[in-house]
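Chain by chain, the residues run as shown.
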Amino acid sequence: MATSVHPTAILEPGALLGESVEIGPYAFVGSEVRLGEGCVLHHHASVVGKTEVGPTNEFFPFASIGQKSQDLKYKGEPTFLQIGAANRFREFVTVNRATGSGGRTVIGSDNLFLAYAHVAHDCTVGSGCIFSNNATLAGHVEVGDHVTIGGLTAVHQYCRLGAHAMLGGCTKVVQDVPPFCLVDGNPARLRSLNLIGLKRRGFSEEALQVLRRAFRLLFEEGKNLAQGIEAVEASGDSTPEILALLEFLRSSERGVTR
């Protein structure tokens, strides 16, 4: 299929389009944008700035991708946005470039961003994530793979969301969210393992049993986090999931949602 550009779309000189790209009515592509093969911009979508987009991404009407950082410290330095493959950016989604010369906002592949979701400057988003309507990341947030963020949920700057975590709707996140866990509330509180999500992603019953045991040891009432980590280490469980969970907890700088 040949690349198709609607007569009313605007492509600034220098924009590079891969094969089979579709640019709809009144869409806008900036001069420094690189669009991979098979990307689709629906009407009124815009991609601007130093933005590199992988193949088969889809941008729905009024999505605004690659605009400059909203950080007040940003003074116009060259910054970047990097997007992987097969993401869907629904209506009015906004994704900003980084702050600081050479900085980079990075989004992986196979993510779904529902209407009005926002990814701020210098964020890193993994792959296979779902951002429900109005899910919002402040600057410098790190999101692991297969994270689900509920509608109207806001994540404070510099927080980390561990892989396979789920954040309930209308949740206020001000500390790191452990991998494999479910948090909810304002402020966020740790509720349980994300068991439904883990089962849907094919985790074995054996892996789930090990995670259940670790969860109890880590977050047992009366223990601080260091004591919980020591208890899990003493249990002898050393599956890849447990090792990833412990590494995440040890490396937390903002503290962990409990």
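Fair warning: this is a prediction, and the values are worked out from it, not measured in the lab.

Engineer: Give me the lowdown on the sheet that holds strand S3 (residues 16–17), citing residues and values where you can.
Structural biologist: With respect to topology, 8 strands assemble into an open sheet ordered S3-S6-S9-S12-S15-S18-S21-S24, the strand pairing being parallel. Edge strands, defined here as strands with exactly one partner in the open sheet, are S3 and strand S24 (160–161). Looking at chain direction, strand S6 (residues 34–35) and strand S9 (residues 50–53) are connected through 2 bridges and run parallel. Paired with leucine 35 across the strands is valine 53, a residue of S9.

Engineer: Help me get a handle on the packing of helix H2 (residues 205–219) against helix H3 (residues 225–235), residues and values and all.
Structural biologist: Orientation of H2 relative to H3, taken along the N-to-C sense of each, is 145 degrees, at an axis distance of 7 Å. Handedness of the H2/H3 crossing: right-handed. Together, Ala214, Leu217, Leu218 and Phe219 of H2 and Leu225, Gly228, Ile229, Ala231, Val232 and Ser235 of H3 make up the contact between the two elements.

Engineer: I'd like a description of the packing of aromatic side chains, backed by residues and values.
Structural biologist: The relative placement of two aromatic rings is captured by the distance of their centres and the angle of their planes. Under the counting rule described, the total for this entry stands at 7 aromatic pairs. Put simply, the rings of Phe59, Phe89, Phe113 and Phe131 touch in pairs and so form one group of aromatic residues. When the ring centre of phenylalanine 248 is taken as reference, the NZ or CZ atom of arginine 160 above it lies at 4.0 Å.

About the criteria used
- Residues numbered from 1 in each chain as written.
- Predicted model: local features only at pLDDT ≥ 70, side-chain atom pairs only at ≥ 80, totals over all residues.
- Heavy atoms only, no water.
- Pairing = 2+ DSSP bridges.
- Helix = DSSP H or I, 4+ residues; strand = E, 2+ residues; numbered from the N terminus.
- Axes fitted to C-alpha atoms, helices over the stretch in contact; angles between N-to-C directions.
- Left-handed = near helix turned anticlockwise from the far one by under 90°.
- Contact = heavy atoms within 4.5 Å.
- Phe/Tyr/Trp six-rings, centres within 6.5 Å; stacked < 30°, edge-to-face > 60°.
- Lys NZ or Arg CZ within 6 Å of the ring centre and 35° of its normal.

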